[in-house]
Amino acid sequence: MKSNLASQLVTADCAIAFATRYSRYLQRLLSANPAVLSTVELEQPFTTAEMAAALAAMSILDDASLGRALRRLRQRVMARLIARDLGGRASLDEVVSTVTQLAEISIRTAVAQLHTDLAAMHGEPRGATDGTAQQLHVVGMGKLGGAELNASSDIDLVLVYPEEGDTDGTRSLSNHEFFTRLARRLIGALSEWTEDGFVFRVDTRLRPYGDSGPLVVSFDMLENYLITQGRAWERYAWIKGRPLTGDQQDALLALVRPFVFRRHLDYGAFASMRGLHSQIRHEVNRRDRLDNIKLGPGGIREIEFIAQVFQLIRGGHERVLQTQSTLPVLAALGARQIIAPAAVAELHAAYVFLRNLEHRLQYRDDQQTQELPTDPAERALLAESMGYANETAFLAALVQHRTAVSVHFNAIFAETDSNEHPLAGLWQEQAGSEHGDNAAAVEQLAALGFARAPELCRQLNLLRNGSRYRQMPAASQRRLDRLVPAAIATAASRRDPDATAERLLALFESVSRREAYLALLHEYPHALERVADLMSASAWVAQYITQQPILLDELLDARTLLAPPDWNALRNSLAEALASAAGDIERQMDLLRHFKHTQTLRCVAQDLAGTLPLETLSDQLSDLACVILEEVLRLSWQGLRQRHCATPRFAIVGYGKLGGKELGYASDLDIVFVYDDAAPEAAENYARLAQRINHWLTSITAAGVLYETDLRLRPDGAGGLLVTPLESLRRYQLQQAWLWEHQALTRARSVAGDAAIGRAFEELRITVLRKPRELPALREGIIGMRAKMLDAHPNTSSLFDIKHDPGGIIDVEFMVQYLVLGHAHDHAELTANSGNLALLKTAASLQLIPATDADAVRTAYRQFRQLQHQLRLAGERYARVEPRSVATATAAVRKLWKILFGDAPVTATAASGAPGGAATA
């Protein structure tokens, strides 16, 4: 429901009249100091610059004049703010920003004045390490840290200084004593009541050890406390921690950030936040404060908890969630589909409504209250201030917003079923069992459909009695105790129960020391169902997920898991994430790997769901590689110390499966580096760039590798230069290249880097492919090269090797390459890098091969690739099948081979192909 406040804009006189009628605080203020009314300028907000000018016009010489100046500034700011807000001129953003800016300028002014005064008596505080001058760092917590202070808010402060040491004056103090005195005077300047009122109430209980701890602490003490004694609620509190003063704010944030935002997804935050909320709800019920719009059901705190739980879970992984303000976090969660956009819209509307209501409750008497009044007259006035005609309409809107918040809160924080699983006894009975030979357990597993029940019982026993389980924290043990019975039941309903259970137990074993993943599967039972589906379908996928358990997070939302890729959006999100980690190469490497793993898993899920044809899958995996290569090239160039130009005139050329857009899940990248730059330092700089690119791609980090690479297709192979000038590549391809290098050009394209070089390479590729060639010599060279490849991949089994054996994939590829190299001179359409299936069709349309044979080979090639793909998913090392299962396909390939190459045997003694493939000049 939209608020009525936007339509409440009234004239200035009416606005001031209503504000003074509504706010008893404003009545008292104007009665005591009528001059304040002249400062109430309703047509513009009270800006930071205006606040600074007002303070500059006042004489601040000591603590008394400081306190007086700050309080009188507050009076002027609040008078205008109340009148603008109640008169419909101020948005929620203006209200919270204005109060926050007032707090910030008050704190900074007071710290600067008090530091100067103390330093005049005792000298400047100096660090013991190198004598650097020290400053007090005031950290705003809570709504001050989030830049969303309410009208009569306390300000939560934590006060820290960089390091121990002493002041350099004659009346020297330790740094700790200096900043303690400064802090006490700061608190007094802000919170003590005088004839002018107060500035802000100050609460410092969020500091280490709370009330019993020192008022100020050093960076080292804060860090040690957070590491050794920081509790779950303190992580929640420090989300909003924002330094307001001091010259080492970045260092302070770097110290706190690892405590708040874990490097990996932290689904254990659900339980912590749920417990904290339960304590608050218990206190609300105990004090009968259900009408509290902050702490009660459907109140402000529940909206904040929703935002903050996902910050704790995902903030270390997604920097955009590390912001301190609630509404931007909600917007980011909606944009990433972590929370449904419709839910975000309802939470946003409720937050604005409740915060506006909170301000009106506080405008009444300048009290920090969130309680709805019980007096009917008060409620009627409150409804009027919110823009409603009567109390009934107002309360209906309030109930609607609070109900919406409660629905979303309960959906997110609902606890999983706490009843004991029917198979819990089977798991618990393994405790103390020495060999997993519990007859009753074996019988129960067999009844569930497990063919290898004794073996599964043995695996359960090893996990239940193993050292990893015994060393797990109690909370992790409890989660695993609930997950294992659920996993057994889930596996029992899959096509291959034994393999599914074995793979799930291997996953549990792998993540047993990482509580966050156990928490994820515990909090989201449907994620366990999805991971069981994937693991049941593919041994390779099971291993992939076990090695990269961060992918479990992707199983939470089927909408994103099964959605087609939007490469522009994905490219932008990757660039944004990499930019947020600028300067941290290890982090950027991991982000690239997580990006690849995530997109690969989405392809896998759609592949196994039957919604992604193999050709489309290969296209998507190839597009993914291109996106990654483009980013790696950019980051590698930025990381070079010596760069002779802003943008490198450099391109990456893909060959093989990358060039032909036939990448599979585990394909390596055949790439060549090319540049076109006459600068004297170009060769050396681009050689370093190529080395750096290869390092980014192949380095093993905690997130694995990006891609294995093969760089041997460059001129002169492994013995040649790592990078090749474009002109040298042209000369080599036209004058020196071997036949197999021209064969490779049939599946080559520029995949990243300078577009002009990419176009020039394509022109060169077409020129080379269209060179006239003597067909007998070409045929002899192709047969010889095929024989070499066959000798390099011997198959001594009784199975048919789909890729390497005669009649398989390699034969199809060689026939297509022969047709291109032999006939592109007369038929330019054969130079298209459109894939083997399309080129076979083109050759048939040109009557170079019989159409029926072309169709038969196309069908065979599809079958071979599908079988190869299925065997990869099954985790097989070789793509080999029973010969009878592909007899029709191999016969079709052999027939076309005979048409093109005759009865010449494929042997190692056949001609090997001279430079240029025996091409005529």
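Above this text is the structure in question.
Residues numbered from 1 in each chain as written. Predicted model: local features only at pLDDT ≥ 70, side-chain atom pairs only at ≥ 80, totals over all residues. Heavy atoms only, no water.

S.K.: Go over helix 36 (residues 809-823) with me, naming the residues and quoting the values.
M.R.: With 15 residues, helix 36 extends 21 Å between its outermost C-alpha atoms, agreeing within 8% with the 21 Å of an ideal straight helix rising 1.5 Å per residue. The buried count for helix 36 comes to 15 of 15 residues, which makes it a mostly enclosed element. (Helix = DSSP H or I, 4+ residues; strand = E, 2+ residues; numbered from the N terminus. Expected span 1.5 Å × (residues − 1). Buried < 20%, exposed > 50% of the residue type's maximum accessible area, 1.4 Å probe, protein only.)

S.K.: An account of the packing of aromatic side chains is needed here, citing residue identities and associated values.
M.R.: By the definition in use, this model includes 21 aromatic pairs. Ring geometry for phenylalanine 650 against phenylalanine 673: centres 5.8 Å apart, planes inclined by 25°, an arrangement best described as stacked. Residue phenylalanine 650 is located in strand 8 (residues 650-655), and its partner phenylalanine 673 is located in strand 9 (residues 669-675); the two are separated by 23 residues in the primary sequence. Here phenylalanine 650 falls in the buried class, since its relative accessible area comes to 0%. Judged by its relative accessible area of 1%, phenylalanine 673 falls in the buried class. Connected via pairs of aromatic rings, a cluster forms that spans Trp637, Phe650, Phe673, Tyr675 and Tyr686. The ring of phenylalanine 198 has arginine 74 sitting right over it, with the charged end atom 4.7 Å from the ring centre. (Phe/Tyr/Trp six-rings, centres within 6.5 Å; stacked < 30°, edge-to-face > 60°. Lys NZ or Arg CZ within 6 Å of the ring centre and 35° of its normal.)

S.K.: Tell me about the pattern of salt bridges, residues and numbers included.
M.R.: Two side chains bearing opposite charge may form a pair once their charged atoms approach each other closely. Using the criterion set out here, one finds 49 salt bridges in the structure. The salt bridge partner of arginine 336 is glutamate 318, with a shortest N-O separation of 2.9 Å. Taken together, the residues span a long stretch of sequence, with arginine 336 in the loop between helix 13 (326-335) and helix 14 (341-363) and glutamate 318 in the loop between helix 12 (300-314) and helix 13 at a distance of 18 residues. Judged by relative accessible area, which is 31%, arginine 336 ranks as partly exposed. According to the relative accessible area criterion, glutamate 318 is buried, its value standing at 15%. Between aspartate 811 and arginine 786 there is a salt bridge, with the nearest N and O atoms lying 2.4 Å from each other. Within this pair, whereas aspartate 811 is found in helix 36, its partner arginine 786 is found in helix 35 (residues 775-792), the two being separated by 25 residues in sequence. Judged by its relative accessible area of 5%, aspartate 811 falls in the buried class. (Salt bridge = Lys/Arg side-chain N within 4 Å of Asp/Glu carboxyl O.)

S.K.: With reference to specific residues and values, describe the packing of helix 5 (residues 92-122) against helix 7 (residues 175-191).
M.R.: Relative orientation of the contacting elements helix 5 and helix 7 amounts to 140°, with a least axis distance of 9 Å. The orientation of helix 5 with respect to helix 7, classified from their angle, is oblique. Relative to helix 7, the crossing made by helix 5 is right-handed. On the side of helix 5, the interface is formed by Ser106, Ile107, Ala110, Val111, Leu114, His115, Asp117, Leu118, Ala119, Met121 and His122, while helix 7 contributes Phe178, Phe179, Arg181, Leu182, Arg185, Leu186 and Leu190. The residue makeup of the contact of helix 5 with helix 7, split by class, is 12 nonpolar, 3 polar and 3 charged. (Axes fitted to C-alpha atoms, helices over the stretch in contact; angles between N-to-C directions. Parallel < 35°, antiparallel > 145°, perpendicular 65-115°, else oblique. Left-handed = near helix turned anticlockwise from the far one by under 90°. Contact = heavy atoms within 4.5 Å. Nonpolar A, V, L, I, M, F, W, Y, C, P; charged D, E, K, R; others polar.)

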